[in-house]
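Now for the letters of each chain:
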Amino acid sequence: AIPPDNPYSLGNGSPEIQAIGFRNPWRASFDRLTGDLWIGDVGQNNREEIDFIAAGDLSMKNFGWRLREGSIATPTGIYGGPRPPNNVDPVFEYGPLGGQSVTGGYVYRGASMPWLQGAYFYGDWVHNTIGSFRYTGGDASDLTDWTHSLQPEIGEVNGLVSFGEDAAGELYAVSMRTGSVFQITRPYLIWLSQYFSAAEIADPSVSGPAEDPDGDHLTTLWEYVIGTDPKTPNPYPDDPVFEYFLDPLGRPTVRVNRDAASSDVSLQLEASADMLSWSSDSTTVITDSDTLFEARDENSSADAKRRFARVVATLE
């Protein structure tokens, strides 16, 4: 039945209507935690917008079309005009340079990226961009462009037509032209955003893979591999992150307890005689799983040509 508290339930319009003034709503979702309604609305030429209705807010809302395109008067010279009664501006909008056809998404409520809890993800069908922001106190903040750091390991997002979420609140992106569904997981750059600001991420001297912000002799990339905070010195627990030892035949062997989420990093054991020239020609990988990397050099540590060993982490 039609709720009796709908804005037009007593007349002046169709009683089933809750809000008006949309042009082409493309993907709406409810925040599974708060019940707020989020709507992506495709503009005509000048604005793509994200609209918002708070849970429990039953007042009439007019989002402006056709008088308004986003927060501006429709710039056609014919239909544009002042704000209509009960007009509500979008909580976020962008122009043609940012994309041409918004795809509404979801507020993230999963567990794999806890620092992104409460961030709303959206995309663009034409530009294949993915972005997020937070909406608190009436303002959009923490605007982040994830387009380059969310490239899939296999295939491509071409025609970002929809998002989805699973029972655990993890997010997915749907590529219409390739017929693929991709899960949004935790690549290196997303991990960086947990600890570093956008300005710090843009400055490799602060957050670069080879930097050591907390001075514990673990680079930022290594902190990612083992799942530790790059801004807090590692306490080196009883179960060590790194183990280096000689096997019964005197061969250098290394173990690295790695974070299961660091699947976009490869590890390799290398050896050297002078720490200037390194080689992995005589090394054997024993285990390379999501949680453990173990490798050994087939030559004895007594061999002058293999006096030094190191483990190299590389972003794939």
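Note that the structure is predicted; figures quoted are calculated from it, not measured.

There is about 680 Å³ of room inside the largest pocket. When the residues that make up the lining of the largest pocket are grouped by side-chain class, the tally is 13 nonpolar, seven polar and five charged. If you add up the space inside the second largest pocket, you get close to 440 Å³. Considering the residues around the second largest pocket, the lining is formed by 20 residues, among which Thr144, Trp146, Ser193, Ala198 and Ile201 are closest to the centre. Those elements that provide at least two residues to the lining of the second largest pocket are strand S11 (130-136), strand S12 (139-145) and helix H2 (198-202). Per-element accounting of the lining of the second largest pocket gives the leading share, four residues, to S12.

For the rest of this paragraph, the subject is the pattern of salt bridges. Evaluation of the coordinates by the stated rule reveals 13 salt bridges. Put simply, Arg251 and Glu298 hold a salt bridge, and the shortest N to O gap is 2.9 Å. With Arg251 in the loop between strand S16 (242-246) and strand S17 (252-257) and Glu298 in the loop between strand S20 (292-297) and strand S21 (308-315), this pair connects stretches of sequence that are 47 residues apart. When its relative accessible area of 16% is taken as the criterion, Arg251 is described as buried. Each of Asp247, Arg251, Arg296 and Glu298 takes part in salt bridges that share partners, so that together they form one network.

About the thresholds
- Within each chain, residues carry numbers counting from 1 in the order of the written sequence.
- In keeping with the model being predicted, local features are shown solely for residues with a pLDDT of at least 70 and side-chain atom pairs are shown and tallied solely at 80 or more, while totals for entire chains, interfaces and linings include all residues.
- As a rule here, side-chain values cover all heavy atoms of the structure and leave hydrogens and water aside.
- Cavity means a closed set of points on a 1 Å grid over the protein atoms alone, one where a 1.4 Å probe fits but cannot get out, pocket means an open set with protein on both sides within 12 Å along at least 5 of 7 lines, and lining means a residue has an atom within 4 Å of a point.
- Grid points are joined across faces, edges and corners, and a volume is the space filled by probe spheres set on the points.
- Residues are grouped as follows: nonpolar covers Ala, Val, Leu, Ile, Met, Phe, Trp, Tyr, Cys and Pro; charged covers Asp, Glu, Lys and Arg; every other residue, Gly included, is treated as polar.
- Helix and strand definitions here come from DSSP, where helices need a minimum of 4 consecutive H or I residues and strands a minimum of 2 consecutive E residues; each element is numbered from the N-terminal end.
- The working definition used for a salt bridge is a side-chain nitrogen of Lys or Arg within 4 Å of a carboxyl oxygen of Asp or Glu.
- With a 1.4 Å probe rolled over the protein chains alone, any residue whose accessible area is under 20% of its type maximum counts as buried; one over 50% counts as exposed, and the rest are partly exposed.

Function cannot be inferred from these measures alone, as they are strictly geometric.
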